[in-house]
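Below are the chains, spelled out letter by letter.
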Amino acid sequence: MDRNATPSDRPRRLRGRVLLAGALGALGVISAVTVSVPAGAAESTLGAAAAQSGRYFGTAISTSRLGDSQYTTIANREFNMVTAENEMKIDATEPNQNQFNFTQGDRVYNWAVQNGKRVRGHTLAWHNQQPNWMRNLSGSALRQAMINHINGVMSHYKGKIYAWDVVNEAFDDGNGGRRDSNLQRTGNDWIEVAFRTARAADPDAKLCYNDYNIDNWSWAKTQGVYNMVRDFKSRGVPIDCVGLQSHFNSQSAYNSNYRTTISSFAALGVDVQITELDIQGGSAQTYANVVNDCLAVPRCTGITVWGVRDSDSWLGASTSPLLFDSNGNKKAAYTSVLNALNAATPNTSPSPTPPVSPSPNTSPSPTPPVSPSPGTSPLPGGCSATIRTVNSWPGGFQSEVTVQAGSSSVSGWTVNWSWSGSQSITQLWGGLTSGSGSSVTVRNESWNGSIAAGASTTFGFTANGSAATPTLTCTRA
Ligand code: 9MR
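Residues numbered from 1 in each chain as written. Predicted model: local features only at pLDDT ≥ 70, side-chain atom pairs only at ≥ 80, totals over all residues. Heavy atoms only, no water.

*Asks:* Lay out the side chain of R179 with the relevant residues and their values.
*Replies:* Inspection of the secondary structure assignment puts R179 in the loop between β4 (163-168) and α8 (190-201). Among buried Asp, Glu, Lys and Arg side chains, R179 stands out as unpaired, with D173 the closest opposite charge at 4.6 Å. A distance of 3.1 Å separates a polar atom in the side chain of R179 from a polar atom in the side chain of Y212. In contact with R179, other than residues within four places in its own chain, are H127, E169, A170, F171, D172, Q184 and Y212. (Helix = DSSP H or I, 4+ residues; strand = E, 2+ residues; numbered from the N terminus. Buried < 20%, exposed > 50% of the residue type's maximum accessible area, 1.4 Å probe, protein only. Lys, Arg positive; Asp, Glu negative; His and termini not counted. Salt bridge = Lys/Arg side-chain N within 4 Å of Asp/Glu carboxyl O. Polar contact = N/O pair within 3.5 Å; in protein donor to acceptor, adjacent residues only side chain to side chain. Contact = heavy atoms within 4.5 Å.)

*Asks:* Which residues make up the site of the ligand, and what are the values?
*Replies:* Contacts to the ligand come from 17 residues, most closely from E85, K89, H122, E276 and Q398. In this structure, Q129 approaches the ligand through a side-chain N or O atom, which is 2.9 Å from an oxygen atom. Interatomic distance of 2.9 Å between a side-chain N/O atom of W306 and an oxygen atom of the ligand. Relative to its unbound accessible area of 450 Å², the ligand is 95% covered by the protein chains. Secondary-structure elements contributing two or more residues to the shell around the ligand are β3 (118-126) and β10 (383-393). Here the shell around the ligand is composed, by residue class, of four nonpolar, nine polar and four charged. (Near = heavy atom within 4 Å. Areas by Shrake-Rupley, 256 points an atom, 1.4 Å probe, with all protein chains shown as cover. Nonpolar A, V, L, I, M, F, W, Y, C, P; charged D, E, K, R; others polar.)

*Asks:* Outline the nonpolar core, supporting the account with residue identities and numerical values.
*Replies:* With 93 residues, the main nonpolar core has F57, W164, V167, F195, F265 and L323 as its most contacted residues. Setting aside chain neighbours within four positions, we find F57 in contact with L46, G47, A50, F79, N80, M81, I303, V305, L323, V337 and L341. In terms of nonpolar packing, the next biggest core, distinct from the first, is built from 22 residues, A385, F397, L428 and I451 among them. (Core = buried A, V, L, I, M, F, W, Y, C linked by side-chain atoms within 4.5 Å.)

*Asks:* Please give an account of helix α10 (residues 258-267) that cites residues and values.
*Replies:* Along α10, the residues that are buried comprise Y258, T261, I262, S264, F265 and A266. At the exit of α10 stands G269, carrying a positive phi of roughly 95 degrees.

*Asks:* Before we move on, can you summarise the sheet that holds strand β17 (residues 473-476) with the specific residues and values?
*Replies:* Spatial ordering of the open sheet is given by β14-β15-β12-β17, a layout of four strands whose pairing is antiparallel. Bordering the open sheet on either side are β14 (432-434) and β17, each of which pairs with just one other strand. On average, adjacent strands in this sheet sit at an angle of 20 degrees to one another, irrespective of strand direction. Pairing of strand β12 (residues 413-418) with β17 involves four bridges; the strand directions are antiparallel. The residue of β17 that forms the bridge with W413 is R476. (Pairing = 2+ DSSP bridges. Axes fitted to C-alpha atoms, helices over the stretch in contact; angles between N-to-C directions.)

*Asks:* Could you give me a rundown of the packing of helix α9 (residues 220-235) against α10, with the residues and numbers involved?
*Replies:* Between α9 and α10, the shortest axis-to-axis distance is 10 Å and the interhelical angle comes to 15 degrees. On the basis of the axis angle, α9 is roughly parallel to α10. Where α9 crosses over α10, the two elements pack in a sense that is right-handed. Mapping the contact onto sequence places T222, V225, Y226 and V229 in α9 and T261, S264 and F265 in α10. Grouping the amino acids of the contact of α9 with α10 by side-chain chemistry returns four nonpolar, three polar and no charged. (Parallel < 35°, antiparallel > 145°, perpendicular 65-115°, else oblique. Left-handed = near helix turned anticlockwise from the far one by under 90°.)

*Asks:* For the side chain of E169, give the residues involved together with the corresponding values.
*Replies:* As for its position among the elements, E169 is in the loop between β4 and α8. No salt bridge is formed by the buried E169; its nearest oppositely charged neighbour, R179, is found at 4.9 Å. Polar side-chain contacts of E169 include one of 3.0 Å to the side chain of Q245. Leave out the neighbours within four places in its chain, and E169 touches W126, H127, R179, Y209, N210, D211, Y212 and Q245.

Fair warning: the whole summary comes from geometry, so function is off the table for now.
Structure representation (structure tokens):
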């Protein structure tokens, strides 16, 4: 089966060279030309620049931002692939068992296709953001519910999705084995069952396995996923792509072996897509490295950044992780990405991909915003810390903590709190955490320890348990 059946759009840069040669020849200047100057002006948007080598450049889109014209203007201008940040997840699409709801997912889908973009589907089987009814299932009832969910969602979007993240984040962070979850406990074959179900549900969608911390080739988790994909390919389990989320930070930093990771997966006969790229600190050089690593591997078919402006990022604006600042201005990282895409050579073009798909005829409806719930702390030692809930779902939540300097500047800080319930942090960014049990300590990273008088920085985390806003204590170093 060839899911890339449309004829190739010849890379524009190559076409330009041919045109230039023809024009010079017609003027009688030269008869046989082998000039290799780039053709015409470089492209001026990320999507168009990526398209020169047959790739896409995408972003995560949130319905909560679709009323913000600065956001939609940038997103529409720059990107040609869209992933729903939360709206096609299990809790959104099947909030009650067997009652599917595509209201929010369709809002993102319709916005994308009405603006000429393609859509990545995210995500069908995941331990996280499960609705309560699914969290409470196990064994064959859960296995059947997973199959039913995949069928329900994929049939709604049948023929309309470029690639689905069929299974998300199924591997353990430490040892290269599977993550424990209710899905994993239904039996080790749950992942291949999900992929076989997905292929039958929509044979036109590329089927991806998507995960974080599988970017560094030397990490056990990367090898664990690699071995699974190799096994699937050898046994004919349908899998078309691997999604490298590529959330880079100081604890999971970009490594120059990233290109080896991409080419090694590609060599197994799958596409590689960079699916959720963000880089804390926003290094222009690291962004360029990531893009160049993708461009070096023909089967790296596209890059998606996980948000538009820094203020749209799940990480919080102060970590500066994206390509546009919170005012919508292009950052240095934007320019380095654009330049890298414009410098791509045609011989690294990926195989062509299908055209934009039609839009479903459902009507959009507004989404209620998540209301922040602040928690305050006193101001001992010259700093204060406040916490707010950014998002919550059954069994988990995401919070942002703002650390503010008092009347004098701070050169390092520590924030402490105690959970009153059984919360536990699963991922933290913009700070370094220690502590055990209910007591949590977070201190600054090297790059956000210094806060000018009256200024602030943030860190964020996701956690298991019920959303909580404990009282925080901030101490300056
Ligand atoms: O960006 C998403 C954020 O709004 C949600 O609160 C969070 C909840 O799990 O999920 C975020 O997106 C995640 C993605 O779905 C899977 N990979 C990690 C992403 C960042 O947490």
